[in-house]
Amino acid sequence: MHIPGTFVAAGFTYVMMVAAYKMPHRRKFHISVMASALLFDLSLPFYLYSHRHWWHRLIEQQEIFSSLVWMHAGILLMMYGLYGAQIYTALKLTKGDPEARASHRSQGKVMLIVRLFVILTGMLLAS
Ligand code: HEM
């Protein structure tokens, strides 16, 4: 089976995210890994747009009607929302808000699940 390079790269950023999730007290590591994962997730759509035959696949092969495409897009948007929420609560917790810490932690768990699904559905679409 052919494994796309984008999947390998995304898998690597996921492993790094799990490590950073487990080490929040190493602040510099935590923040730099999370910020890099965000940059990766923001740039990947542009990379795929310019390197894939998206018109052919989505329109000519009518994959736009596939529920997997919509599922992938939906959880992708959810993931971007979660990044926003994580940055918001992170800013609040650095100011010493105890509730922000609890929200940041619970949203973090959801983020790990959602991001895993984004990567897995993306992998299914690529193959
Ligand atoms: C995107 C930018 C993010 C920033 C700037 C950020 C920043 C921070 C900061 C400053 C802390 C406190 C560390 C300390 O106590 O010294 C923290 C804790 C934590 N972060 Fe993040 N974070 C981000 C994203 C994430 C993501 C995506 C996850 C999950 C995948 C996550 C999970 C956690 C967890 C579990 C804690 C520990 C909370 C606790 O003390 O109970 N963070 N984060």
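Just so you know, these numbers come straight off a predicted model, no measurement behind them.

Caption draft 1: Representation of the site of the ligand within the structure. Around the ligand sit 19 residues in total, of which R27, H30, R101, H104 and R105 are the nearest. R101 is positioned with one of its side-chain polar atoms (N or O) 2.6 Å from an oxygen atom of the ligand. When residues of the shell around the ligand are traced back to their parent elements, those giving at least two are α1 (5–22), α2 (27–51), α4 (67–94) and α5 (98–126). Examining the composition of the shell around the ligand, we find that 6 residues originate from one element, α5, more than from any other. Here the residues of the shell around the ligand sort into 10 nonpolar, 6 polar and 3 charged.

Caption draft 2: Broad picture of the coordination of the iron atom of the ligand. Within the protein, the iron atom of the ligand binds to H30 (NE2) and H104 (NE2); these donor distances fall in the range 2.0 Å. Around the iron atom of the ligand, the 6 donor atoms sit at angles spanning 88 to 179°, and that spread fits a shape best called octahedral. Taken together, the residues span a long stretch of sequence, with H30 in helix α2 and H104 in helix α5 at a distance of 74 residues. Accessibility classification places H30 together with H104 in one group, the buried group.

Caption draft 3: A look at unusual backbone geometry. One non-glycine residue, Q62, lies in positive phi territory at about 55°. One can find Q62 in the loop between α3 (54–60) and α4.

Caption draft 4: Main features of a positive patch on the surface. On the surface, R27, R101, R105 and K109 cluster together to form a positively charged patch. For the positive patch, the element with the highest residue contribution is α5, accounting for 3 residues. Considering the arrangement of structural elements, one finds K109 in helix α5. You can call K109 partly exposed: its relative accessible area is 47%.

Caption draft 5: Structural view of the side chain of D41. Within the fold, D41 resides in helix α2. Given the relative accessible area of 9%, D41 is considered buried. Setting aside residues no more than four positions away along its own chain, D41 makes contact with M79, Y80, Y83 and R115.

Conventions and cut-offs
- Residues numbered from 1 in each chain as written.
- Predicted model: local features only at pLDDT ≥ 70, side-chain atom pairs only at ≥ 80, totals over all residues.
- Heavy atoms only, no water.
- Near = heavy atom within 4 Å.
- Polar contact = N/O pair within 3.5 Å; in protein donor to acceptor, adjacent residues only side chain to side chain.
- Helix = DSSP H or I, 4+ residues; strand = E, 2+ residues; numbered from the N terminus.
- Nonpolar A, V, L, I, M, F, W, Y, C, P; charged D, E, K, R; others polar.
- Donors = N, O, S within 2.8 Å, 3.2 Å for Na, K, Ca; no water.
- Tetrahedral: all angles 85-135°; square planar, octahedral: opposite > 155°, others 65-115°.
- Buried < 20%, exposed > 50% of the residue type's maximum accessible area, 1.4 Å probe, protein only.
- Patch = residues over 30% accessible without salt bridge, like charges linked within 9 Å, V, L, I, M, F, W, Y side chains within 5 Å.
- Areas by Shrake-Rupley, 256 points an atom, 1.4 Å probe, with all protein chains shown as cover.
- Salt bridge = Lys/Arg side-chain N within 4 Å of Asp/Glu carboxyl O.
- Lys, Arg positive; Asp, Glu negative; His and termini not counted.
- Charge placed at Lys NZ, Arg CZ, Asp CG, Glu CD.
- Contact = heavy atoms within 4.5 Å.

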